[in-house]
Every structure is written in C-alpha cells, then in structure tokens.
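Each chain, letter by letter, is given below.
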Amino acid sequence: MTTEPDLRHHGDAEVRTAGLVDLAVNVRTGTPPDWLREHLAATLGTLAAYPDQRSAHAAVAARHGRPEEELLLTSGAAEAFVLLARVLKPRHAVVVHPQFTEPEAALRGTGHAVHRVLLSPEDGFRLTPGAVPAEADLVVIGNPTNPTSVLHPAAGLAALARPGRTLVIDEAFMDTVPGETESLASVRDLPGRVVVLRSLTKTWGLAGLRIGYVLGPAELIAELSAAQPLWPVSTPALAAAEVCSSPAALAEAEQAARTTAEQRAHLLKGLAAFPDVRVYGEPAASFVLVELPGATAVRERLRAAGFAVRRGDTFPGLGPDWLRIAVRDAGTTDRFLAALASAAEVMPA
Ligand SMILES: Cc1ncc(COP(=O)(O)O)c(C=O)c1O
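Analysis parameters
- Residues numbered from 1 in each chain as written.
- Predicted model: local features only at pLDDT ≥ 70, side-chain atom pairs only at ≥ 80, totals over all residues.
- Heavy atoms only, no water.
- Pairing = 2+ DSSP bridges.
- Helix = DSSP H or I, 4+ residues; strand = E, 2+ residues; numbered from the N terminus.
- Axes fitted to C-alpha atoms, helices over the stretch in contact; angles between N-to-C directions.
- Contact = heavy atoms within 4.5 Å.
- Domains from an automatic or database assignment.
- Buried area = accessible area lost by both parts, 1.4 Å probe.
- Polar contact = N/O pair within 3.5 Å; in protein donor to acceptor, adjacent residues only side chain to side chain.
- Expected span 1.5 Å × (residues − 1).
- Buried < 20%, exposed > 50% of the residue type's maximum accessible area, 1.4 Å probe, protein only.
- Patch = residues over 30% accessible without salt bridge, like charges linked within 9 Å, V, L, I, M, F, W, Y side chains within 5 Å.
- Areas by Shrake-Rupley, 256 points an atom, 1.4 Å probe, with all protein chains shown as cover.
- Salt bridge = Lys/Arg side-chain N within 4 Å of Asp/Glu carboxyl O.
- Core = buried A, V, L, I, M, F, W, Y, C linked by side-chain atoms within 4.5 Å.
- Near = heavy atom within 4 Å.
- Nonpolar A, V, L, I, M, F, W, Y, C, P; charged D, E, K, R; others polar.
- UniProt positions renumbered as here; feature names shortened; annotations may be inferred.

A description of the sheet that holds strand β3 (residues 93-97) should follow, citing residues and the corresponding values.
Here 7 strands make up an open sheet; going across it, the order is β2-β8-β7-β6-β5-β3-β4 and the pairing mixed. Looking along the sheet, the strands with just one partner apiece sit at the ends: β2 (71-74) and β4 (114-118). Neighbour to neighbour, the strand axes of the sheet diverge by 20 degrees on average, direction disregarded. On top of the sheet, helix α2 (residues 54-63) reaches β2, β7 (193-199) and β8 (212-215); it is set at about 120 degrees to β2, its chief contact. Where helix α3 (residues 76-87) meets the sheet, its contacts fall on β2, β6 (166-170), β7 and β8, and the angle it forms with β7 comes to roughly 150 degrees.

Structure, rendered in structure tokens:
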C-alpha cells in the first residue's frame, strides 16, 4: 500500500524544536543583512498609513525589464499559488514532481484535479522529451526545483510553452543561481501564457515578512490582482521588494549565489565519501537532495545529535529513503558530516 504524501508538510515544521542546527529550511543564514534590517526598521514610523505599492512596483518591474502591468507583488510566492488556483480554470493541470507541494495543494484545495508528472532520479530529475502530455493546459514546474536542486535549461522550459497553455515556472530559488542563467523572468515572447513566480524570502531572510511576486501577461496579472485582498503586501514588505531590486542588492545576491556554489561543492565532496549516500543530477541551488537507505532513522539520529534536515517522503515521487540538506558554511557542513557519519553508522570511505 502506498500512502499519500502530506503535501502541507514543510521544512519549518522540522525546526520548531529549539537548539537544532537548521539544515531543513533553505533560507540563507546570517540574513536579513544589517542594512536590510535597518531599512525595514525605518518604515515602522509610517505604519499608520495604508501601503502604497507604486514605487516598489516600478522598481521590481524595472529590475526584470517588464512593463508594470506584467507584475503583481504578493505576500510571498506562496500567495501566488493560491491566486493562480482561484483564477485559472484548467481542464488538464499537470504538476511536475518532485517539487514544492503548495502548487498542487492549492490547486486541489480549490477543486482542481491534478495530474502528476514524476521525473526520475535515473534521469537526474531532468525533464525528458514528452514527459509533459500535450493535452496539459496548465503546467507547473520549479526552476531550480525544490527539492531536487536541478536547474532546467531555459530552452527546455520555453519548449513547454504553447498556445492555449499556461506555463507556471516557480523561480523561488533562481536567485541562488549565479547569473540566474536559466531564468525566464524577463522573457515575454513565448507562445501561450508564461507565468514566473519569484520569492525574496530565501536569499534575503524574509520568510517572516512574506514578499514575492508574479510576472506574466498583463491580462492574467489583472485577474490575479482582482483575486487578492485589499493591501496584500505590507509597507515593510514593499520596502524590501524595492530595495532588494536595487543594483547594490542584486550584486550582493550574486555574490551570495557564488558563495553558495562553493559551499555546495564542499557539501557534495563530503557526501561523496559516504558509500550509501547518492546524489542524482547536478544540484544547482542552496540545497542538496540525497538518497540514503534508512533515511528516516538517520534523520531522527541527526536530530538527537542537534541537526535538522528535511524529510523527503512528503514529496511526490520520493519516499522514506530521501533527505534534503541545506547548503551551509564549511564549518557547519563539516560538523553535519561528522554527525551524519555517526547517524548513518558508517564512516566515510
Ligand atoms: C520552491 C518554492 N517555491 C515557493 C516557496 C514559497 O516561498 P515564499 O516564502 O516566497 O512564499 C517556497 C518556500 O519554501 C519554495 O520552496
């Protein structure tokens, strides 16, 4: 018997015990940076006024070279999944898994049937030709994908776009990729409707503030906007959206992405020494997915040793032998690898 994964489980539930080193949630550590904290704190004196989106809206649209009517600011990327589920009327919705489970949960929650396309570890979790059925009029895919960390080539995603289809690309982690090389955020000339979701909560440490946005065709953005409540994004969140779109912030994010790439290489090198740990595909984001027989017990032992990693079994297409590990600085990674060696009861070769 196969049990249905809990689509509403997220990494934050795994770090609610005080004192655990957090490798379960993929928010960058040491964030928000001081300059951002101070910038947000400076908005507190204006909280008596209702939020005014104009300047944040203009700044984010300009950052992606899009007309303003092609942008909607949201209360995190998470709000966008709900808005899309409320507004779209798909006949054949496809969610490409393993991926973040909220898009499917939101679609099901509003009564839509969801067809799953499961990418396989043997293919390195890459999109294979023909994986997405032609009849799909809504396709949701992550890039880079949580939890596989795989970065799909922009051309491969663009090839999924076609008249009559809404293609939703969740780029919540694209700012962890140096150069955002495979982003479609600024691309406006593909057939059908291409919608890109972005988040500012991971790189900037603003998960508690809630700020993200949607880029897409103006007519769909207008429909999504009409489905939002009044004043959906708070004044501090708007201030964050504006300042995080500045050239200085983008340069800092780029540097952070490069650091993440180095730290990920260190983690992957350490993991490669474990004969039972397997990594599929080429991780490209701020986390790594591993297959490890007995991962459930290993995760519990890691918790007892003070380290929280993300269980993999709540992602469709994975199971109890999978764990997702956040990329951290080399010192934290080394301490984690030592704990893993004990928890997995095998010493690295
Ligand atoms: C792939 C992915 N997309 C979107 C989100 C939602 O991000 P936000 O905090 O902007 O709502 C998450 C959060 O974990 C995520 O992992």
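Which residues make up the domain arrangement of the protein chain, and what values go with them?
We note that the domain assignment places domain 1 (11-30 + 249-344) and domain 2 (36-246) within the protein chain. A straight line from the C-alpha centre of domain 1 to that of domain 2 covers 24 Å. Contacts between domain 1 and domain 2 engage 26 residues on the former and 37 residues on the latter. Carbon and sulfur atoms make up 66% of the surface buried where domain 1 meets domain 2, a total of about 2,500 Å² over both sides. Run the count over domain 1 and domain 2 and you get 9 residue pairs in polar contact (both at pLDDT 80 or more).

Could you give me a rundown of helix α10 (residues 330-343), with the residues and numbers involved?
Helical geometry note: an α-helix holds 3.6 residues per turn, so side chains three or four residues apart project in the same direction. Here α10 is 14 residues long and its end C-alpha atoms lie 19 Å apart, about the 20 Å a rise of 1.5 Å per residue gives. Of the residues making up α10, those classed as buried are Thr332, Thr333, Phe336, Leu337, Ala339, Leu340, Ala341 and Ala343. Where α10 is buried, its residues meet β1 (21-23), α8 (247-272), α9 (295-304), β10 (307-311) and β11 (322-326). Its side-chain oxygen at 3.2 Å from the backbone nitrogen of Gly331, Asp329 defines the N-terminal cap of α10. Following α10 by one or two positions, Glu345 adopts a phi angle in the positive range, close to 55 degrees.

Let's hear about a nonpolar patch on the surface: which residues, and what values?
There is a patch of nonpolar side chains on the surface, built from Tyr50, Leu230 and Trp231 and spanning about 400 Å² of accessible area. With respect to the helices and strands, the residue Tyr50 is situated in the loop between α1 (34-41) and α2. Look at Tyr50 and you get exposed, because its relative accessible area is 58%.

Go over the nonpolar core, please, and point to the residues and values.
One finds Leu73, Val96, Phe125, Leu167, Ile169 and Trp204 to be the most contacted residues of the largest nonpolar core, which totals 48 residues. Sorting elements by how many residues they give to this core places helix α7 (residues 235-243) first, with 6 residues. Excluding anything up to four places from it in sequence, Trp204 contacts Arg28, Thr31, Pro32, Pro33, Trp35, Leu36, Cys244, Ala249, Glu252 and Ala253. Within the second largest apolar cluster, 23 residues are counted, among which are Val290, Leu292, Ala339 and Ala343.

Please give an account of the site of the ligand that cites residues and values.
As a matter of local geometry, the ligand sits amid 13 residues, with Ala77, Asp170, Ser199, Lys202 and Arg210 nearest to it. Between the ligand and Ala78, the relevant distance is 2.9 Å, taken from an oxygen atom to a main-chain nitrogen or oxygen of the residue. Between Asn146 and the ligand, the recorded distance is 2.8 Å, taken from a side-chain N or O atom to an oxygen atom. Here the element with the most residues in the shell around the ligand is α3; it accounts for 4 residues. Split into classes, the residues belonging to the shell around the ligand amount to 6 nonpolar, 4 polar and 3 charged.

So what about the sheet that holds β10? Which residues, and what values?
Paired through backbone hydrogen bonds, the strands of a sheet run either parallel or antiparallel to each other. An order of β1-β10-β11-β9 is seen for the 4 strands of this open sheet, with the pairing classed as mixed. Single-partner strands in this sheet number two, and they are β1 and β9 (287-291). Strand-to-strand twist across the sheet, computed as the mean angle between neighbouring axes with direction ignored, equals 35 degrees. Pairing between β1 and β10: 3 bridges, direction parallel. Along β10, the bridge assignment pairs Asp22 with Ala308.

Please provide a residue-by-residue account of the UniProt feature "domain: Aminotransferase class I/classII large" (unreviewed entry) in the protein chain, values included.
As recorded in UniProt, the sites labelled "domain: Aminotransferase class I/classII large" (unreviewed entry) are residues 20-339. With 34% helix and 17% strand, residues 20-339 has end C-alpha atoms that lie 13 Å from one another.

Can you break down the pattern of salt bridges residue by residue, with the values?
Taken as a whole, this structure holds 20 salt bridges when the rule is applied. Between Asp52 and Arg54 there is a salt bridge, with its nearest N and O atoms 2.6 Å apart. Within this structure, Glu4, Glu104, Arg108 and Arg116 form a network of salt bridges that share partners.

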